[in-house]
Amino acid sequence: MSIRLLTVALAALALVWPASTALGQARPLRVEDVVGLGMFGRAAVSPDGGWIVYEKRGAYDDAPRFDRGPRSGWPLTDLWVVDLRLEDSRPVRLLPEEPPGLLRVSWSPQGGRLLVYRYVDDHLEAGVVAFPDRKVTWLRLTPDMPLMGSAFQWVSEDKLVLMTRPDGSLPWLLRYYGQGQARMIEQWRRASAGREPSRTVIDAADGVVSADGGAPDQALVLLDFDAGTARTLKKGRLVDLSVSPNGDNLAVTEEAEPIAVSPESIDQAEPPSRLRLSLIDLHSGSIASADETIDVAPHLLRWSADSQGLLI
């Protein structure tokens, strides 16, 4: 299979090399040449070794908007697939009926399904592609992209836990570069109408910094593709999740009360809120919360191989 992957990589390089060589001989490189180049994104072979799916992105200069930072090229991204089981297989579009804006996310444990995202018209949606027929099911759920943890995990070949945004808003990672200007324009629009307050209040009472409005809650959804069901497990200001290897339990961390700023010392990169741990039984849906006096640190949350211990 390594020979097949090398062949695909060399074929992709061959498409780019002649154009770049000719360009270099004709005239000096210009900015327009750089932003006019397409590129390849992430690639992954299915766990069963039967397929490779990779991202192919159009010219950056053709992006519909440029206030998404390094993710401005996502609407130009398409997914291509190669059937590694066939000797003469050639790359084809994974979902030829779909417009660009497709992102490769994660294979299921045995490679029978592929989690993908669709970013079209500034809306993000999760979907699952079934193999080998490559039929996609769009879930009508907006996935989140947490900064300090996982946004999803496969429980089994037919079950997936997904962190979602019930209000349909874009994850912070997609809003970060452009939200300041957008919010300012909206505030000025409300001020000019003169019918409702158009201010933002940031308070620091007792060393706790807070702003009016606040962030919306996320929701953890358990998807069963064989049964065709979607069950909400928990809502809150979620941070991280981890499924036990036996698929019985889900560990979740979420934000609790804000941390007061100490007048004596300030810790660099300290989380703004306490983190609390919960364990969810994926069969019954029951939730067991850890001792609220325990302040859980971010990033760890790993199960032992026998599913009897959790590293926090």
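Residues numbered from 1 in each chain as written. Predicted model: local features only at pLDDT ≥ 70, side-chain atom pairs only at ≥ 80, totals over all residues. Heavy atoms only, no water.

**Student:** Which parts of the structure should I look at to understand the confidence of the model for the protein chain?
**Tutor:** Close reading of the predicted structure is inappropriate where its pLDDT is low. Per-residue pLDDT for the protein chain averages 86, and the proportion of residues at 70 or more is 88%. Ranking the elements of the protein chain by mean pLDDT puts helix 1 (residues 2–26) last, at 50, and strand 10 (residues 159–164) first, at 98. Below pLDDT 50 for its whole length, residues 10–20 participates in one contact with residues either more than four positions away or in separate chains. (pLDDT = per-residue confidence, 0-100. Helix = DSSP H or I, 4+ residues; strand = E, 2+ residues; numbered from the N terminus. Contact = heavy atoms within 4.5 Å.)

**Student:** Where do I start with the sheet that holds strand 3 (residues 77–83) in this structure?
**Tutor:** Within a sheet, adjacent strands bond to each other through the backbone by hydrogen bonds, running parallel or antiparallel. Here four strands make up an open sheet; going across it, the order is 1-2-3-4 and the pairing antiparallel. A strand with exactly one partner marks an edge of an open sheet, and here the two such strands are strand 1 (39–45) and strand 4 (92–93). Where strand 2 (residues 51–57) lies against strand 3, seven bridges are found, and the strand directions are antiparallel. Along strand 3, the bridge assignment pairs Y54 with W80. (Pairing = 2+ DSSP bridges.)

**Student:** Is there a simple way to think about the side chain of R165 in this case?
**Tutor:** If you trace the backbone, R165 turns up in the loop between strand 10 and helix 3 (172–175). Discounting residues that sit within four places of it in the chain, R165 has contacts with T142, P143, D144, L170, P171, R175 and P216.

**Student:** Which parts of the structure should I look at to understand the pattern of salt bridges?
**Tutor:** Note on pairing: side chains with opposite charge can pair once their charged atoms come close. On inspection of all chains with the given rule, the structure shows 17 salt bridges. The salt bridge involving E254 is made with K234; its shortest N-O contact spans 2.9 Å. Taken together, the residues span a long stretch of sequence, with E254 in strand 16 (residues 249–258) and K234 in strand 14 (residues 229–236) at a distance of 20 residues. A network of salt bridges, in which partner residues are shared, links R65, D67, R68 and D122. (Salt bridge = Lys/Arg side-chain N within 4 Å of Asp/Glu carboxyl O.)

**Student:** Which parts of the structure should I look at to understand the packing of aromatic side chains?
**Tutor:** Two measures describe an aromatic ring pair: the distance that separates the ring centres and the angle between the ring planes. Scanning the model with the defined rule gives eight aromatic pairs in all. Considering the side-chain rings of W154 and F225, the 6.0 Å spacing of their centres and the 50° angle between planes classify their relative orientation as tilted. Of this pair, W154 sits in strand 9 (residues 152–154) while F225 sits in the loop between strand 13 (218–224) and strand 14, and the two are 71 residues apart along the sequence. Among the residues examined, W154 registers a relative accessible area of 12% and is labelled buried. Aromatic ring contacts, followed pair by pair, group W51, W107 and F131 into a single cluster. (Phe/Tyr/Trp six-rings, centres within 6.5 Å; stacked < 30°, edge-to-face > 60°. Buried < 20%, exposed > 50% of the residue type's maximum accessible area, 1.4 Å probe, protein only.)

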